[in-house]
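Here is how the chains run, residue by residue.
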Amino acid sequence: MISEIPLKCTNCLNSNNVRIHTMINTGSEPEMKAKVLDGSAFLWDCPHCGKSNLIDSPTVYIDPQEKLIVICSKEGLSVEIPEDGPYAGFSIRQADSIGALIELVKIFDAGLDDEVLNLCKQVTRMEMKADELNLRFVRLEGADNEIIFTYPKKGQMEMIAIGFNVYEDCKAIIDGHRR
Ligand SMILES: [Zn+2]
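Please read all numbers here as calculations on a predicted model, not as lab measurements.

J.: Provide a residue-level description of the coordination of the zinc ion, including the pertinent values.
T.: Only Cys9 (SG), Cys12 (SG), Cys46 (SG) and Cys49 (SG) from the protein reach the zinc ion as donors, at distances of 2.3 to 2.4 Å. What the 4 donor atoms of the zinc ion show is an angle range of 105 to 116 degrees at the metal, which sorts the shape as tetrahedral. On the primary sequence, the residues serving as donors to the zinc ion are separated as C-x2-C-x33-C-x2-C. Of the two residues, Cys12 sits in the loop between strand E1 (2-8) and strand E2 (15-21) while Cys46 sits in the loop between strand E4 (43-45) and strand E5 (52-54), which places them 34 residues apart along the sequence.

Structure (structure tokens):
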């Protein structure tokens, strides 16, 4: 679903009518998945100055293959999704930024559990002695499925790899709580 809304360029401050995706369904638009993952689905180029701007208006992302729905909104917009019907059994997640949305898509693609991964992040933050560090999952890597996180440091993105055993330990803890 596409809407046209006026957005202001962050560089030249000109207002432009921009076509934005208010809803992305990778079932009916499979080509959108790659554009979500590389972020290009959420960029618009200013016709006046050429600046590439981020679109951060609310978006609903539906991925029937991964049975995932992400409601992306800075304001914590809530959307009622009926538990029966076409979206029965879907995981429904909230994301407060495009970055958080993209991360959720990567997590589900990798077959990981976002709740377990959140605990992995807490453990990693404790080990790094950095409580506020904004870790983002990027991918699994290598034969041992090392978990790669990125985090910002002095304006750059750094990477850290953690062993899959950390994920397994965290999963055991979370599964224990779920039981
Ligand atoms: Zn511009």
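Having put the structure on the table, let's press on.
J.: A description of helix H4 (residues 164-178) should follow, citing residues and the corresponding values.
T.: With 15 residues, H4 ought to run about 21 Å at 1.5 Å a step, and its terminal C-alpha atoms sit 21 Å apart, in line with that. Listing the buried residues of H4 in full gives Tyr167, Cys170 and Ile174. Around the axis of H4, the buried residues are gathered within 70 degrees of arc, so they sit on the same side.

J.: Please set out the environment of Ile98 residue by residue, giving values where relevant.
T.: Positionally, Ile98 belongs in helix H2 (residues 98-109). Sequence separation of Ile98 and Pro58 is 40 residues, and the distance between their C-alpha atoms is 9.2 Å. Setting aside residues up to four positions removed in sequence, Ile98 forms contacts with Phe42, Ile55 and Cys72.

J.: Summarise the sheet that holds strand E11 (residues 156-162); cite the residues concerned and give the values.
T.: Pairing is antiparallel across the open sheet formed by 3 strands, whose spatial order is E9-E10-E11. Each of the sheet's edge strands pairs with one partner strand only, and the pair in question is strand E9 (136-141) and E11. Geometrically, the sheet is characterised by an average inter-axis angle of 30 degrees between neighbouring strands, direction not taken into account. As paired strands, strand E10 (residues 146-153) and E11 are joined by 7 bridges and run antiparallel to one another. Across the sheet, the residue bridging to Tyr151 is Glu158, located in E11. Running over the sheet, helix H3 (residues 114-128) touches E9, E10 and E11 and is turned about 60 degrees from E10.

J.: Tell me what's going on with the pattern of salt bridges, and back it up with residues and numbers.
T.: Within this structure, the stated rule accounts for 8 salt bridges. For the salt bridge of Asp109 with Lys33, the shortest nitrogen-to-oxygen distance reads 2.8 Å. With a gap of 76 residues between them, Asp109 in helix H2 and Lys33 in helix H1 (residues 32-37) connect regions that are remote in the sequence. Assessed through its relative accessible area of 14%, Lys33 is described here as buried. Here Lys171 and Asp175 are joined by a salt bridge, their closest N and O atoms 2.9 Å apart. In this pair, Lys171 and Asp175 are both assigned in helix H4, 4 residues apart and thus about one turn of the helix distant. The class of Asp175 is partly exposed, set by a relative accessible area of 23%. When salt bridges with common partners are traced through the structure, they connect Lys33, Asp63 and Asp109 into a single cluster.

J.: So what's going on with empty space enclosed by the protein? Which residues, and what values?
T.: Over the atoms, a rolled probe matching the size of one water molecule traces out where space is still vacant. Taken as a whole, this structure holds 1 cavity of 30 Å³ or more when the rule is applied. The computed volume of the largest cavity comes to approximately 30 Å³. Looking at the lining of the largest cavity, its residues break down into 5 nonpolar, 2 polar and no charged.

Conventions adopted
Residues numbered from 1 in each chain as written. Predicted model: local features only at pLDDT ≥ 70, side-chain atom pairs only at ≥ 80, totals over all residues. Heavy atoms only, no water. Donors = N, O, S within 2.8 Å, 3.2 Å for Na, K, Ca; no water. Tetrahedral: all angles 85-135°; square planar, octahedral: opposite > 155°, others 65-115°. Helix = DSSP H or I, 4+ residues; strand = E, 2+ residues; numbered from the N terminus. Expected span 1.5 Å × (residues − 1). Buried < 20%, exposed > 50% of the residue type's maximum accessible area, 1.4 Å probe, protein only. Arc of directions from axis to C-beta. Contact = heavy atoms within 4.5 Å. Pairing = 2+ DSSP bridges. Axes fitted to C-alpha atoms, helices over the stretch in contact; angles between N-to-C directions. Salt bridge = Lys/Arg side-chain N within 4 Å of Asp/Glu carboxyl O. 1 Å grid on protein atoms, 1.4 Å probe; cavity = no way out; pocket = protein on both sides within 12 Å on 5 of 7 lines; lining within 4 Å. Points joined across faces, edges and corners; volume = space filled by probe spheres on them. Nonpolar A, V, L, I, M, F, W, Y, C, P; charged D, E, K, R; others polar.

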